[in-house]
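# Geometric and topological summary
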Amino acid sequence: MTRLCVPLSVPHPDAVDTALADAARAAEFGADLIEWRVDALAGVEGGTEATARLIEQGPLPCVLTCRHADEGGAFDGDEADRVALLHHASKLARPPAYLDVEWAKLEALPAPLRAKLDDAAARCGLIASAHDFTTRPAHLDRTIAGMAGSDAVRVAKLAWRARSIRDNVEAFEIVSRRLKPTVALCMGEDGLASRVLAKKFGALLTFASLDDARGTAPGQPTLDEIKNLYRWDALTLDTKVFGVIGHPVGHSMSPAIHNAAFDRLALDGEPFDGVYLPLPIPDAYEAFKATMLTWLDFEPLHFRGASVTIPHKANLLRFVREQGGRVEALAEQIGAANTLTVGDDGALHATNTDYAAILDATCDRLGVDRSGLRGLKVAVFGAGGVARAIVAGFAHHGAGVTVFNRTPERAQALAEAFGVTAAPLDAAPAHAADVWINGTSVGMSPGADTCVLAEPPTNWNAETVVFDTVYNPMRTALLALAESHGCRTIDGVDMFVRQAAAQFTGWTRRPAPIDAMRRVVVNRLTG
Ligand code: NAP
């Protein structure tokens, strides 16, 4: 079983009580192991006694690490002091489960110190570790082979800064091919998958920080995130992996929404073995393609789909087309897809759930099905990606669409692409339409007091539907104006949740727990 290990740095012998209180919290929140980082205690007065107290009074089994400054730690003293500290700890009545020493330092230790360390390691397990905080080290294979071939080493541990999310797959391969218990983790935002999915591949442990301030490596998730957001307890060898691909994706709500949906299915007794991660890929088709091929080709990963957002919506179409997959006809017309679905046989399918969410939200508000959209007059603000999905969807179902946009040439081009009409933005208030949709970013926080309409249209009435795709804030200036004229409204959260729900259903073949998904979005926006 992969252990969830919380690293706690102890900066001074006087900090033991605080550290023990932190360890108690970590145990309470579900950690399995504590890594005591005693970099500052070796060779220091009171350091040996403080270390002994941590180990003996700590609530969980522990890894004892006095990390050298050469590999991201704070210890820069005499190796004899470090070995003495570890050796003393190994002779305690309840010694550490593991001692962690850098492989490079182990190899360089003078024979007497190495003998003393090996003696200590005979009572604890020795973790040989190698870290590179800047990139993937050139001699990774040689290091792994050395660690695997050393009888003194019980656990091989490698950590390097991911150059892209492709590096996670190498970490998975290293753990999968292990000859002894192994940990392979990628650092930085790009390395999150290696940390969360360490359990899927059977690594000895993964690290999670007690809170944001107490991480010991870049990209370490918190204990709360790994347990409650990334579904640690539910992960298995067979877990299907999904994610949001874009750049940036750090602030995306999608991981919280989709993982909450998996949790809801489990609570309802219909479990689906899945997890959803942020998957940042830089803006270039070649980066997108190379990453997709690496993730798709590594079958044990069970990568089964992704939400795809800016800047890769057009790249997804091109990629799926090039790979001989299926592309939804309307997504092709829109020129963008937001959903990748990967079959168990590897078949690729690109779809656009944005337009479907917009149409379905409108139909529900009007009390009609999609055939009821024929002949409806729809006014659309904007000529960007979202407006394109709106125009395509309504035009496809026979609605009469008029496009208004700040840059008239873009409105004209969009209208021509779908055989609809464009009109100047200042003509909107005199225009007559049944449905009004804002597909621009106007009204989005921090510009929440702005509105695409300088004045309310003269034909607004209780039958009119006004839809704002902006979801932050939930109640935009446009929706407030529409409500004050008695119109029916649809907010951007409705669209956001519906497009996510359609993705979830496409991947899982289960009805999406839409209320649970909406709750996550509303809590995030209002909490
Ligand atoms: P986009 O491609 O960048 O297009 C932005 C559009 O907004 C363009 O038509 C642009 O007009 C217009 N615009 C920007 N600033 C303006 C201003 N100050 N005055 C008038 N028009 C302005 O963006 P997008 O991907 O289509 O996204 C648009 C909005 O949709 C986002 O901001 C977001 O709030 C919303 N959205 C909602 C969801 C959801 O699920 N609810 C999902 C995605 C996006 P020009 O052509 O003149 O530049």
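Residues numbered from 1 in each chain as written. Predicted model: local features only at pLDDT ≥ 70, side-chain atom pairs only at ≥ 80, totals over all residues. Heavy atoms only, no water.

### Some remarks on the overall build of the protein
Secondary structure assignment for the protein yields 19 helices and 20 strands. Evaluated residue by residue, the protein yields a buried proportion of 55% over its 527 residues. Restricting to contacts in the protein with at least 6 residues of sequence separation, those with at least 24 account for 71%. Just so you have it, the protein exposes about 21300 Å², and 51% of that area is on carbon and sulfur atoms. Counting 51 positive and 64 negative side-chain charges, the protein places the averaged centre of each group 4 Å from the other. (Helix = DSSP H or I, 4+ residues; strand = E, 2+ residues; numbered from the N terminus. Buried < 20%, exposed > 50% of the residue type's maximum accessible area, 1.4 Å probe, protein only. Contact = heavy atoms within 4.5 Å. Areas by Shrake-Rupley, 256 points an atom, 1.4 Å probe, with all protein chains shown as cover. Lys, Arg positive; Asp, Glu negative; His and termini not counted. Charge placed at Lys NZ, Arg CZ, Asp CG, Glu CD.)

### Focus on the pattern of salt bridges
Counted under the stated rule, the structure contains 28 salt bridges. In this structure, Arg53 engages Asp17 in a salt bridge whose closest nitrogen and oxygen atoms are separated by 2.6 Å. Taken as a pair, Arg53 in helix 2 (residues 47-57) and Asp17 in helix 1 (residues 16-28) lie far apart in primary sequence, 36 residues in all. The shortest N-O distance in the salt bridge between Asp364 and Arg498 comes to 2.9 Å. Taken together, the residues span a long stretch of sequence, with Asp364 in helix 14 (residues 353-366) and Arg498 in helix 18 (residues 492-508) at a distance of 134 residues. (Salt bridge = Lys/Arg side-chain N within 4 Å of Asp/Glu carboxyl O.)

### A short note on the side chain of Asn168
Relative to the assigned elements, Asn168 resides in helix 7 (residues 167-176). A polar side-chain atom of Asn168 sits 2.9 Å from the main-chain amide nitrogen of Ser194. Among residues more than four places away in sequence, those in contact with Asn168 are Cys186, Asp190, Gly191, Leu192, Ala193, Ser194 and Trp295. (Polar contact = N/O pair within 3.5 Å; in protein donor to acceptor, adjacent residues only side chain to side chain.)

### Some remarks on the site of the ligand
By nearness alone, 20 residues border the ligand, and Val386, Asn405, Thr407, Arg410 and Thr469 come closest of all. Here an oxygen atom of the ligand sits 2.5 Å away from a polar atom, N or O, in the side chain of Thr407. In this structure, Phe496 approaches the ligand through a main-chain N or O atom, which is 3.4 Å from an oxygen atom. Taking 920 Å² as the accessible area of the ligand by itself, protein coverage stands at 73%. Of all elements in the fold, only helix 15 (385-396) and helix 18 reach the threshold of two or more residues within the shell around the ligand. Grouping the constituent residues of the shell around the ligand by class yields eight nonpolar, ten polar and two charged. (Near = heavy atom within 4 Å. Nonpolar A, V, L, I, M, F, W, Y, C, P; charged D, E, K, R; others polar.)

### Let's talk about the nonpolar core
If you look at the biggest cluster of nonpolar residues, it comprises 123 residues, and the most contacted ones within it are Trp36 and Leu197. Tallying contributions element by element places helix 18 first for this core, with seven residues. Trp36 has contacts with Leu8, Val10, Ala19, Leu20, Ala23, Leu54, Ile55, Gly58, Cys62, Val63, Leu64 and Thr65, leaving out every residue within four places of it along the chain. Core analysis: the next-biggest nonpolar cluster, separate from the first, contains 35 residues, Ala361, Ala399, Val401 and Val465 among them. (Core = buried A, V, L, I, M, F, W, Y, C linked by side-chain atoms within 4.5 Å.)

### Considerations on helix 1
In this model helix 1 runs 18 Å from its N-terminal to its C-terminal C-alpha over 13 residues, within 8% of the 18 Å that 1.5 Å per residue would give. Here helix 1 has its buried residues at Val16, Ala19, Leu20, Asp22, Ala23 and Ala26. Down the axis of helix 1, the smallest arc covering the buried residues is 160°, so these residues share one side. Across helix 1 from its buried face, at more than 90 degrees, point the exposed residues Asp17 and Glu28. In this fold, the buried residues of helix 1 make contact with strand 1 (3-9), strand 2 (33-37), helix 2 and helix 9 (223-229). Just downstream of helix 1 lies Gly30, where phi reads positive at about 110°. (Expected span 1.5 Å × (residues − 1). Arc of directions from axis to C-beta.)

### What to know about the packing of aromatic side chains
The relation between two aromatic rings is expressed through the spacing of the ring centres and the mutual angle of the planes. If you walk through the whole model with that rule in mind, you get 15 aromatic pairs. Aromatic pair Phe242 and Phe262: ring centres 5.9 Å apart, planes at 35°, arrangement tilted. Linking Phe242 in strand 9 (residues 240-246) with Phe262 in helix 10 (residues 254-267), this pair joins segments that are 20 residues apart in sequence. The class of Phe242 is buried, set by a relative accessible area of 0%. The class for Phe262 is buried, based on a relative accessible area of 0%. Each residue in the set Phe242, Phe262, Phe272, Tyr276, Phe504 and Trp507 is aromatic and connected to the rest through ring pairs, giving one cluster. The cationic tip of Lys200 hangs over the ring face of Phe201; the distance from NZ or CZ to the ring centre is 5.8 Å. Against the face of Tyr285 rests Arg318, its NZ or CZ located 3.7 Å from the ring centre. (Phe/Tyr/Trp six-rings, centres within 6.5 Å; stacked < 30°, edge-to-face > 60°. Lys NZ or Arg CZ within 6 Å of the ring centre and 35° of its normal.)

### Structural notes on empty space enclosed by the protein
Rolled over the atoms, a probe as big as a water molecule pinpoints where empty space is left. Evaluated as defined, the whole model comprises three cavities of 30 Å³ or more. Volume-wise, the largest cavity comes out at about 160 Å³. Lining of the largest cavity is provided by 17 residues; of these, His131, Lys157, Thr216, Ala217 and Gln220 occupy positions nearest its centre. Elements represented by at least two residues in the lining of the largest cavity include exactly strand 2, strand 6 (155-161) and strand 7 (182-187). By residue class, the composition of the lining of the largest cavity is six nonpolar, five polar and six charged. Approximately 40 Å³ is the volume found for the second largest cavity. Together, Glu79, Arg82, Val83, Leu86, Val101, Lys105, Leu106, Leu109 and Leu117 line the second largest cavity. Contributing elements (two or more residues each) for the lining of the second largest cavity: helix 3 (79-90) and helix 4 (103-108). With four residues, the single largest contributor to the lining of the second largest cavity is helix 3. A class-by-class count of the residues in the lining of the second largest cavity yields six nonpolar, no polar and three charged. (1 Å grid on protein atoms, 1.4 Å probe; cavity = no way out; pocket = protein on both sides within 12 Å on 5 of 7 lines; lining within 4 Å. Points joined across faces, edges and corners; volume = space filled by probe spheres on them.)

### Comments concerning the sheet that holds strand 17 (residues 421-424)
In spatial order, the strands read 17-16-15-18-19-20; together these six strands make up an open sheet with parallel pairing. Two strands bound the open sheet, and with one partner strand each, they are strand 17 and strand 20 (488-490). Between one strand axis and the next, the sheet turns through 20° on average, direction left out of account. Examined bridge by bridge, strand 15 (residues 377-381) and strand 16 (residues 400-405) share five bridges and lie parallel to one another. Looking across to strand 16, one finds that Ala379 is bridged to Thr402. Each of strand 15, strand 16 and strand 18 (435-438) touches helix 15; the most contacted strand, strand 15, lies at about 170° to it. (Pairing = 2+ DSSP bridges. Axes fitted to C-alpha atoms, helices over the stretch in contact; angles between N-to-C directions.)

Scope: geometric values only; no functional claims are made or implied.
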